[in-house]
Every structure is written in structure tokens, then in C-alpha cells.
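Read off the chains here:
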Amino acid sequence: MDRGPLLRKAGLAVAGLAVLGGAIIALRSPETPGTSQPPPRPAQTSVSKYAAEGVVLPEPGPKPPRPGPVVVTPGPHRLLARWDASPAPTTVAGYEVRWGRPGALNSTRLVAEPQVQLDGLDDGVTYGIEIRNVDMFGQRSAPVAVSGTPGTQPDPTAYTFVDRFDGQAVPDPTNWRFASPGACGRATRGDGSDTKRLVISANCGSASVALRARAPFKLAGGVGSVVIDTDSPSEAGQLMIDLVPGSADLIDGSPSGPPKPDKPGVAQADPALPPGTIRVLITSKPDDRSQPKPVTTVQVLTAPNVHRNGHVVSKIAPLPTPRIGENVRWQVSIGKDNISVLRNGVLVGGGDVTPAWQQATALFGFVGPSGGFRAGVAVIGFTGAPTAPPVALAAPTVRTSRTVQQTGMVLAPAPAGTMIQDVQAAQLRMSLLPQADQSIKSLDGTLSVDVGGKRVLATPAVRGQPLKRGVRYPVVALIPKEALVLSGDPQVLDVGVSSNVQQKGLATRVEFSEIELYAAPGVTPPPVAAPKDPPLPRPRPAVARAEAQMLGATGQPIPEGATAVPGRVLVDVHLNGSAAQRIAGEVAGLGGIEIRLDGRKIAAFPTTVDGPGVGGQWRLPLTTNQFGAGPHIIEVRAVGVDAETLYASTVLSFTV
């Protein structure tokens, strides 16, 4: 049955009502002294059976059958379990997965898709896994029991640089730097089930964050490749593999988005990319509003000056639907006549371009849903010419002016403070963000920075990059050692950024800044500590997304707001567990369904026969004779079993 526009409209109401429910809980004012307030009402975590006159409630049927055969695939500190959902009848709404060491299956997850990746496991240890079908009333099937042993699989790749993120420091500051605008993201060792890998966590809206390899990516005879094993992107996100011939940390593409794909195997020009840059853009998003599951696209984008004398990449395989939370190995291979992109060893994209450079900075950019995201990374590696990161020194915090100022005539004196020792120089790296159209095409020769009583020239990280409003513009400056003076408490390196060109409109913003210190000859620095901050909090699991529509007595949809024929109608309720799972990698337990007519409860039934439900689809017959003539509103509410889980809700309007 086509649920059509009505469901999509109803689905839009879910987020608004769910957020409203959260606001009511979270925004209670503190009690004012001298006044009395009733205690807050406990959050609803269960549903009791109830039917008003003329309402027929659905009833549980037989327990569901066991899931189909389960295949377990080991990986580094993880197990991927997939099973056959085809034997399950339409009443199966999801699955309960339990796992742990044999005899101690003490971890549980509810999912809506017939696969799950279990992370944070110990290599070489055998884990037991039990999987049960769950129907729409919370009834469980008998389990299918399997086991698996995590471990790194043989990899024949001849890496010249590789990090598996399983050392003492994650990420290792010798190998990596992380950049995010306004410190809205973090690169850290994971927590909970992510402890055995690098986790990128961010809440940056639509802005990207980036992990920069300190080891340069080098071609050998014009050939090389970049590999990343990650679960990004899985839902409404992007993964960017950027090769930039310059000292960049954060870059952008066109503000209006990448050019639309032309034809497979052909690279497309993005004029906003720094000159010489090659970008592989992997995007996951719903194809359109009628397509509830995301689709993945792969594009090779280049700056306009990249050589287009290569061969079109042919025999490209279609991309599968991205799986929630599943790691995928992406490989970008640069050949002598084109660029190819492989997913788990299968050719899925490419471009008819070749770089003019032999060395580049590798950036791994991440974009997720606007409400925040986590991306797990297991491996990053290069092939090509031998490479290694430079000596790493603990770098101070840089405090820059928030915007680029007009160059002043008077240079501020050197601050009183502590000079950084054992360095011969430093490179200041910044990302600027023009806020208005400028009269000049480039900032080359116009920028300077004031630091430690010195004024030094700042140059574009890649010469010739065009200046565009809303597009990041990376710049660098070489700072002499005598200007590296720390001051304040805590001690920071203060930097002013200025331009000798009069800016039009809003000032250019300084979005990100950091400094790389170069050790003096003969200095052996102590190890640099990895970040100690935990990842940003993961999104909380949500109950299945509520969708609903009204049907006539014959099962035909009644358009939103239309007049229903007096007599019998059906409320068709669908709880989409897959949509909820994409928020946090699992589905919050469902306690039951309540239906209200004009604010009055007319139906309720629990979904916890053997345990919390996952989702499902129900049809409830109603008699409209008792409603009264005129417009009416029906609200469908899905209640979770966790007090901290917001209910999901959607509304329907009709007239009798």
C-alpha cells in the first residue's frame, strides 16, 4: 500500500511534537523561594490497555519465528552480524541482540535492521551472540545463537604509512591534528562500545570537521592510494577525502553544494576548491522524501586547474544502501591516467584526472546530521612513496582575533610572558571564512599576523585560491622563535590577524587556528599527550518514528483534513524503527501506543509482552458517529520504557 504524501506530512509533525515534549520536561523553572509548586509529574514509561466506546484494539497473535541464518564477520575489535529477514512475517518489527563472553550475554541492543556491528571488543576473545525476532507487541522468538572472534584480518596492502588507532595515544599527536570551527568537534578515543577505535564526534550543524595527517601523502611514480576504514557516512552525512597541495587544515567546496553528478567515471570541477586539490566526496542521504532509506553517492571533485588528460573510469558497480553503524573500507587510488574509488574492494567511482603534484596534505572531513554525530575510524593508511610525520612538539593554545582587522599603524609591544624553548620556528595555520563579497580575488600579499611583538606576512596555504564568500580560506605564516611568547593564565599564544585591504561588508571571520612547532637541531622532545577529553555525548536512542493516516472502511486513504463518511474508519499507525535507529545506532524500547481524539484518550495498548517493543504497524477501527460534526484531530503517541526517552507523536486532522 502506498503511504504517500499523507505519511510524509504526518512524519514532519513527529519532530515538532517530540521536541515540544522535551521542552516541557527540560524547561521547568526552578522553584522560587517562598512559593509552593507541585512536584514534577514522573515521565510516562508504560501504557495500560484502554478502549473507548466504538474502538477495537489490536491483539497479539502467535510468537514470531526465529530469524534466518546469521553470518558473523570479524574485524579489528568488532563483529558484524547479519541475518536473513525473509522468513519473518510482516508482523516482525525488529530484533533484540544480546552479546558478551560465553555464559555472560550482558549487553543488549534493539535494532530495526537485520544486521548489527558490535564494537569495542577484545581481539582474540570469542563472544556469544543471540538474536531474536521481536513483533509489534514485544513478543520474542526463540533465539538464534552464534559466536565470533574479533581480530585484524590479513591485509596485503603495502602501506607506507598506517595507523590502526589501537595504541596508547588515540589519536597519536605524532600522526594527527584535528580541526573544527569554534571547537564544535573532537577527535578522541571512544567511550563505552567505542573504546577500541578513534571516534570523531561533532555538533557543528552543516559545517565539516577534519582530521589532518601530519605525514605527507607522497606518490611513487605518479601512483599511490589513501585508505580509510570507517562507519561514516551512514545517515545524512558526508565523508570527504581531500588531497591538498598545501598546508591546509579546513577547506570547503562551493557554498551551494557540489555540482550535480554528470556521468560515472568523470571528475567534476568545483571552483571553490584550493588549486590542485582532489576531493572524493561520499554522501549519504535520502534520495527524496518518498525514499525513507538513504542512498550513497560518490563524486570525484577537483579544482579547475587539475589535469583532465586521463581516461574515464568504466565498469563502475552500483552502490549498496548504507548500513547503520557498519564500517566500510574506502580506497582512493591515484593512477597514471585516472583516479578510482573502491568500497570494500569494489570499484564504485572515479575520475578522468591526474594530479600535477607529487606530494599533498591528506584531510579526512566529516559532516553529520545537524543534531550531532559520531564517526568511528579503525584504520587510515597510505601507499606510494615512503613518508613519515615530522617530529611532534606539544603546541600551545592559539588565541586569535575573531575577525580579520584593518592593518594598524602601531605594532603592539611584545607581551611579558614565557618564551617557548627548544624550537627554531613555528608555522601558524589558520582557516578564514569571508562573510561578504570582496573586491579582490585573492588574499595573497594582503594578510599579516601580529604575534609576540612581531608582524609577519601570512600567505594562502595554496597560492591562487579564489576568495569567495562563505568558503574557507586556509592561510599560513612562519613565526620566528623570538615571537613565540606565552602569556596569561592559562598561558596562550596571542595572535592578531589583519589585512591591508579595506573589507566590504562584514569582516572576514577567523574560524580555526593552530600552530606547529619545529624542534631546534639536536632536541629530542618528550612524547606529546593525546587529547584527554571524552567524545561529545552520543545522541540518545529514540523510540520508533510515528507515522499515521486515516483510512475509510474500504481501506482507502482519507486525505488530510478531508471529510470522513460517518460510520467506520481506520487509524493506520506505523512506527518506523529504522528511522529511529539512524539517530543513535539503536532503537529505544517501546512501551505502548496511545491515541487521543481532540485531547481525550480513546485507545491505548502495551507493546511489552516479553519485553520492550521496537516498532510495528497496527490498524484500529473507530466509529465516527460519536465524534460529533465538525473538524477533529487525532494524535498518535508512542511511549518509551525509559523515563529519559521522549515520546514520539504525530497528528491527523479530519472532518465529520
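Residue numbers restart at each chain and count upward from 1, following the sequence in its written direction. With the structure being a predicted model, the display of local features is reserved for residues of pLDDT at least 70 and the display and counting of side-chain atom pairs for 80 or more, all residues being used for whole-chain, interface and lining totals. The side-chain quantities take in all heavy atoms of the structure and omit both hydrogens and water.

Asks: Hey, could you go over the overall build of the protein chain for me, with residue numbers and the actual values?
Replies: Tallying secondary structure elements over the protein chain gives two helices and 41 strands in all. We compute the radius of gyration over the C-alpha atoms and compare it with the globule rule, which gives 2.2 Å times the number of residues raised to the power 0.38. Taken over C-alpha atoms, the radius of gyration comes to 28 Å for the protein chain, in line with the 26 Å a tight globule of 656 residues would show. If one aligns the C-alpha atoms of the protein chain with their principal axes, the spans along those axes are about 85 × 65 × 50 Å. Note on classification: 1.4 Å probe, protein chains only; a residue is buried when its accessible area is under 20% of the maximum for its type, exposed when over 50%, partly exposed between these limits. Looking at the protein chain as a whole, 53% of its 656 residues are labelled buried. Whether two residues are in contact is decided by their heavy atoms: any pair within 4.5 Å suffices. Restricting the contact set of the protein chain to residue pairs at least 6 apart, pairs at least 24 apart contribute 77%. We count a stretch as a helix when DSSP gives it H or I for four or more residues in a row; a strand needs E for two or more, and each element gets its number in order from the N terminus.

Asks: Tell me about empty space enclosed by the protein, residues and numbers included.
Replies: A cavity here means a set of points on a 1 Å grid, drawn over the protein atoms and nothing else, where a 1.4 Å probe fits but cannot get out; a pocket is an open set with protein on both sides within 12 Å along at least five of seven lines, and a residue lines either one if it has an atom within 4 Å of a point. Grid points are joined across faces, edges and corners, and a volume is the space filled by probe spheres set on the points. As enumerated under the stated definition, the model contains five cavities of 30 Å³ or more in all. If you add up the space inside the largest cavity, you get close to 120 Å³. Every residue lining the largest cavity is counted, 15 residues in all, and those nearest its centre are Pro233, Pro322, Val328, Trp330 and Arg343. Here the nonpolar group is Ala, Val, Leu, Ile, Met, Phe, Trp, Tyr, Cys and Pro; Asp, Glu, Lys and Arg are the charged ones; every other residue, Gly included, is treated as polar. Within the lining of the largest cavity, the residues separate by chemical class into six nonpolar, five polar and four charged.

Asks: I'd like a rundown of the sheet that holds strand β39 (residues 616-623), residues and numbers included.
Replies: Any two strands between which DSSP finds at least two bridges are classified as paired. Taken in spatial order, the three strands make up an open sheet running β35-β36-β39, and their pairing is antiparallel. Two strands lie at the open edges of the sheet, namely β35 (545-551) and β39, each paired on one side alone. Recorded for the sheet is a direction-independent mean angle of 20° between the axes of neighbouring strands. In terms of strand pairing, β35 meets strand β36 (residues 568-576) through seven bridges, oriented antiparallel. Within β36, the position partnered with Ala548 by the bridge is Val573. In this analysis an axis means a line fitted to C-alpha atoms, helices contributing only their contacting stretch, and an angle means the value between N-to-C directions, from 0 to 180 degrees.

Asks: Which residues make up the sheet that holds strand β2 (residues 70-75), and what values go with them?
Replies: Spatially, three strands are ordered β2-β3-β6 in an open sheet, and the strand pairing comes out antiparallel. The two strands at the open ends of the sheet, each matched to only one other strand, are β2 and β6 (115-119). Averaged over neighbouring strand pairs, the angle between their axes works out to 15° when direction is ignored. In this sheet, β6 lies alongside strand β3 (residues 78-83) in antiparallel orientation, the contact comprising five bridges. The residue bridging Arg78 from the neighbouring strand is Asp119, located in β6.

Asks: Help me get a handle on helix α2 (residues 577-584), residues and values and all.
Replies: By the criterion of burial, α2 is predominantly enclosed, with seven of the eight residues buried. All buried positions along α2 are accounted for by Gly577, Ser578, Ala579, Ala580, Gln581, Arg582 and Ala584. Of the surrounding elements, those touching the buried residues of α2 are β5 (104-111), β19 (294-302), β35 and β36. Between the side-chain oxygen of the N-cap and the backbone nitrogen of Ser578 there are 3.1 Å, and the N-cap of α2 in question is Asn576. Following α2 by one or two positions, Gly585 has its phi on the positive side, about 85°. Each polar contact in these results corresponds to two N or O atoms within 3.5 Å; when the atoms are within protein, one needs to be able to donate a hydrogen and the other to accept it, and residues that are neighboring in sequence are counted only if both atoms are side-chain atoms.

Asks: Lay out the state of the cysteines in plain terms, naming residues and giving numbers.
Replies: Any two cysteine sulfur atoms lying within 2.5 Å of each other are counted as a disulfide. If you walk through the whole model with that rule in mind, you get one disulfide. Through a disulfide, Cys184 is tied to Cys204; the S-S separation comes to 1.9 Å. Taking the torsion about the sulfur-sulfur bond, which here is approximately 105°, the covalent link between Cys184 and Cys204 counts as right-handed. Of this pair, Cys184 sits in the loop between β10 (176-179) and β11 (185-189) while Cys204 sits in the loop between β12 (198-202) and β13 (209-213); the two residues are 20 residues apart in sequence, bridging distant segments of the chain. Looking at Cys184, the relative accessible area reads 15%, which means it is buried.

Asks: Summarise the layout of surface pockets; cite the residues concerned and give the values.
Replies: Estimated volume of the second largest pocket: approximately 1,100 Å³. Taken together, 34 residues form the lining of the second largest pocket, with Phe178, Thr397, Phe512, Ser513 and Glu514 sitting closest to its centre. Of all the elements in the fold, those that place two or more residues in the lining of the second largest pocket are β10, β11, β25 (398-400) and β34 (509-519). Here the lining of the second largest pocket is composed, by residue class, of 21 nonpolar, seven polar and six charged.

Asks: Tell me about the environment of Ala142, and name the residues and values.
Replies: With respect to the helices, strands and loops of the structure, Ala142 is situated in the loop between β7 (127-135) and β8 (144-148). Spatially, the C-alpha atom of Ala142 lies 6.2 Å from that of Arg132, the residues being 10 residues apart in sequence. When near neighbours in sequence (up to four residues on either side) are disregarded, Ala142 contacts Arg66, Pro67, Ile131 and Arg132.

Asks: Requested: an account of the environment of Val456, with residues and values cited.
Replies: Within the element layout of this structure, Val456 appears in strand β30 (residues 454-460). Ignoring anything within four residues of it in the chain, the contact list for Val456 reads Ser448, Val449, Ala477, Leu478, Ile479 and Pro480.

Asks: Before we move on, could you go through the pattern of salt bridges and cite the residues and values that matter?
Replies: Here a salt bridge means any side-chain nitrogen of Lys or Arg lying within 4 Å of a carboxyl oxygen belonging to Asp or Glu. The full count for this structure, using the stated rule, is 34 salt bridges. Close ionic contact of Asp119 with Arg197 constitutes a salt bridge, the shortest N to O distance being 3.3 Å. With Asp119 in strand β6 and Arg197 in the loop between β11 and β12, the pair connects residues that are 78 residues apart, well separated along the chain. The residue Asp155 makes a salt bridge to Arg329 at a minimum N-O spacing of 3.0 Å.

Asks: Tell me what's going on with the packing of aromatic side chains, and back it up with residues and numbers.
Replies: The criterion for an aromatic pair is that two Phe, Tyr or Trp rings (for Trp, the six-membered ring) have centres within 6.5 Å, with stacked assigned to planes under 30 degrees apart, edge-to-face to planes over 60 apart and tilted to the rest. Taken as a whole and judged by the stated rule, the model has nine aromatic pairs. Taken together, a centroid distance of 6.3 Å and an interplanar angle of 70° make the contact between Trp176 and Phe364 edge-to-face. With Trp176 in strand β10 and Phe364 in strand β23 (residues 359-367), this pair connects stretches of sequence that are 188 residues apart. Ring pairing ties together the aromatic residues Phe161, Phe165, Trp176, Phe217, Trp357, Phe364 and Phe382, which thus form one cluster.

Asks: I'd like a rundown of unusual backbone geometry, residues and numbers included.
Replies: Cis geometry is found at the peptide bond from Ser232 to Pro233, where omega equals -10°. Position of Pro233 among the secondary structure elements: in the loop between β15 (224-230) and β16 (237-244). With an omega of 5°, the peptide bond running from Asp489 to Pro490 counts as cis. If you trace the backbone, Pro490 turns up in the loop between β32 (485-486) and β33 (493-499). The phi angle at Ala183 is positive, at roughly 55°, despite the residue not being glycine. By secondary structure assignment, the location of Ala183 is in the loop between β10 and β11. Despite not being glycine, Asp598 shows a phi value in the positive range, around 55°. Residue Asp598 is classed as partly exposed on the basis of its relative accessible area of 46%.

Asks: Go over the confidence of the model for the protein chain with me, naming the residues and quoting the values.
Replies: One number per residue, pLDDT, summarises how confident the predictor is, and it ranges from 0 to 100. Per-residue confidence for the protein chain gives a mean pLDDT of 87, with 92% of residues at or over 70. Note that pLDDT drops below 50 for residues 1-36; the model gives that stretch 51 contacts with residues more than four away or on any other chain.

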